[in-house]
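# Summary of structural features
This is what each chain is made of:
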Amino acid sequence: MIAPLVFGVVGVAILLSLGVWQVQRLAWKTAIIDRIEARLGADPVPLPTAPSREEDQFLRVRATGRIGGPELHVYTSAPPRGVGYRVIVALELAEGRRILLDRGFVPIEEKDAPRHEGKITVEGALLWPQETDYFTSVPDRAKNVWFARDVDLMADALGTEPVLLVATASDDPEAPMPLPVTVNIPNDHLGYAITWFGLALVWAVMTGYLLWRIKRRTD
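Residues numbered from 1 in each chain as written. Predicted model: local features only at pLDDT ≥ 70, side-chain atom pairs only at ≥ 80, totals over all residues. Heavy atoms only, no water.

A word on the pattern of salt bridges. Inspection of every chain in the model, using the stated rule, returns 12 salt bridges. Ionic pairing is found between Arg98 and Glu92, a salt bridge with its closest N-O pair at 3.9 Å. Here Glu131 makes a salt bridge to Arg149, at a shortest N to O gap of 2.7 Å. Within this pair, whereas Glu131 is found in the loop between strand 6 (118-126) and helix 2 (151-158), its partner Arg149 is found in the loop between strand 6 and helix 2, the two being separated by 18 residues in sequence. A network of salt bridges, in which partner residues are shared, links Arg86, Asp102, Glu131 and Arg149. (Salt bridge = Lys/Arg side-chain N within 4 Å of Asp/Glu carboxyl O. Helix = DSSP H or I, 4+ residues; strand = E, 2+ residues; numbered from the N terminus.)

Structure representation (structure tokens):
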């Protein structure tokens, strides 16, 4: 009975440790999401001098500058309005800095419609979206259709800093529809923890049953 007992104890210990690890991951991920939601709910501040992807992600800011010139159009959807494009432009600040501005959503038929140019004040959140992977299509520059907000690539195309401000409000009454900045971080660790703890219980029961069968045969 020693071998199956050791096998059972080791198996239960491994499964329990995986469950505990997922509980720890759950607490860590929940803390991150809570911090992001608190940051998105805070009052806007002036744009930092040197925004950082690590420190300023989701930071609420207010900025005044001028927009105009070429737009970049990112194919997306906005239920219930259907599919359309995010409108990305360069925002030139008073001190001469240029950053990317995500003005919001327009339906397909308004892709190339004229829009406000000139001075604008916007509020929103700084964002460096992770929307590209191996399967993301490259931009169709001839048709000006992008398939992800690749901050570095867009900054190079518009000659701006690699900083994206996603507008949630502005003083342009006819601005594209702002899309909400949400916390899109998967947090499935509770389900994983329940699965590992459940497997540990099953393993323990099966080990106990096996030991009982062995004991009966040896009595």
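Here the residue pair Pro79 and Pro80 is connected by a cis peptide bond, since its omega of 5° sits within 30 degrees of zero. Mapping Pro80 onto the fold places it in the loop between strand 3 (72-77) and strand 4 (83-93). With phi around 70°, Phe58 is a residue other than glycine that occupies positive phi space. Tracing the backbone through its elements, the reader meets Phe58 in the loop between strand 1 (45-46) and strand 2 (60-67). Owing to a relative accessible area of 10%, Phe58 belongs among the buried residues under this scheme. Even without being glycine, Asn144 reaches a positive phi, approximately 55°. For Asn144, the location among the structural elements is in the loop between strand 6 and helix 2. Look at Asn144 and you get buried, because its relative accessible area is 17%. (Buried < 20%, exposed > 50% of the residue type's maximum accessible area, 1.4 Å probe, protein only.)

This brings us to the pairing of strand 7 (residues 164-170). In this sheet, strand 7 lies alongside strand 5 (residues 98-107) in parallel orientation, the contact comprising three bridges. Residue pairing for strand 7: Leu101 is matched across the bridge by Leu165. As paired elements, strand 6 and strand 7 share five bridges and run antiparallel to each other. Opposite Gly124, over in strand 7, you have Ala167 as the bridge partner. (Pairing = 2+ DSSP bridges.)

Between its terminal C-alpha atoms helix 1 (residues 2-40) stretches 57 Å, which fits the 57 Å expected from 39 residues at 1.5 Å a residue. Those residues of helix 1 lying buried are Pro4, Gly8, Gly11, Val12, Leu15, Gly19, Gln22, Lys29, Ile32, Ile33, Ile36 and Leu40. Buried positions along helix 1 lie against strand 2, strand 6 and helix 3 (189-218). (Expected span 1.5 Å × (residues − 1). Contact = heavy atoms within 4.5 Å.)

Side chains of Ile2, Val6, Val10 and Ile14 sit close together on the surface and give an oily, nonpolar patch of about 380 Å² of accessible area. Relative to the assigned elements, Ile2 resides in helix 1. (Patch = residues over 30% accessible without salt bridge, like charges linked within 9 Å, V, L, I, M, F, W, Y side chains within 5 Å. Areas by Shrake-Rupley, 256 points an atom, 1.4 Å probe, with all protein chains shown as cover.)

On to the nonpolar core. In terms of nonpolar packing, the biggest core is built from 40 residues, with Leu91, Leu100, Leu101, Leu126, Met154 and Leu165 touching the most fellow members. The residues touching Met154, leaving out its near neighbours within four places in the chain, are Leu72, Val74, Ile88, Leu100, Trp146, Ala148 and Arg149. (Core = buried A, V, L, I, M, F, W, Y, C linked by side-chain atoms within 4.5 Å.)

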